[in-house]
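Spelled out from the first residue to the last, the chains are:
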Amino acid sequence: METLIFSQAAVFHLQQLANHLHHHTGKRHKLSTTQGIIDLLIAGANSHAPDVKRCYTAFAMELNRRQLDALASQGIYIDPSDILHPKGAQHTG
């Protein structure tokens, strides 16, 4: 499994995501392992809690193309443009 390397800002948002998910689910995620990060991101992507979604989005916005590709190789597909402008979102105005 490829080692995932993130910026300090991305790690901060991962920690925030882990804290909020723990608050909502009671489950802890190990950020020291690739599998723990993958499990955390899957849980974050599937959560409907606004605070979790906010942390997940903040993490995604910190990623560069190389990091997005590394996550994709692990089965985690994050499209920051889709997070900012969801395909199903209604535009008002």
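First things first, this report covers the structure right here in the doc. These numbers come from a predicted model, not from an experiment.

In this section: the packing of helix H1 (residues 8–25) against helix H3 (residues 50–61). In contact at an axis separation of 8 Å, H1 and H3 are set at 160° when each is read in the N-to-C sense. As judged from the angle between their axes, H1 and H3 are roughly antiparallel. The handedness of the crossing between H1 and H3 comes out as left-handed. Residues Ala10, His13, Leu14, Gln16, Leu17, His20, Leu21 and His24 of H1 form the contact with H3, whose participating residues are Asp51, Val52, Arg54, Cys55, Tyr56, Ala58 and Phe59. Across the contact of H1 with H3, the residue classes break down as nine nonpolar, four polar and two charged.

As a further point, take the packing of aromatic side chains. Under the definition given, this model contains one aromatic pair. A cation sits over an aromatic face here: lysine 53 above tyrosine 56, 5.9 Å from the ring centre.

This part covers the pattern of salt bridges. If you walk through the whole model with that rule in mind, you get one salt bridge. Across the pair aspartate 69 and arginine 65 runs a salt bridge, and its minimum N-O distance is 3.5 Å. One end of the pair is aspartate 69 and the other is arginine 65, both in helix H4 (residues 65–73) and four residues apart, which spans about a single turn. Given a relative accessible area of 42%, aspartate 69 falls into the partly exposed group.

About the cut-offs
- Residues numbered from 1 in each chain as written.
- Predicted model: local features only at pLDDT ≥ 70, side-chain atom pairs only at ≥ 80, totals over all residues.
- Heavy atoms only, no water.
- Axes fitted to C-alpha atoms, helices over the stretch in contact; angles between N-to-C directions.
- Helix = DSSP H or I, 4+ residues; strand = E, 2+ residues; numbered from the N terminus.
- Parallel < 35°, antiparallel > 145°, perpendicular 65-115°, else oblique.
- Left-handed = near helix turned anticlockwise from the far one by under 90°.
- Contact = heavy atoms within 4.5 Å.
- Nonpolar A, V, L, I, M, F, W, Y, C, P; charged D, E, K, R; others polar.
- Phe/Tyr/Trp six-rings, centres within 6.5 Å; stacked < 30°, edge-to-face > 60°.
- Lys NZ or Arg CZ within 6 Å of the ring centre and 35° of its normal.
- Salt bridge = Lys/Arg side-chain N within 4 Å of Asp/Glu carboxyl O.
- Buried < 20%, exposed > 50% of the residue type's maximum accessible area, 1.4 Å probe, protein only.

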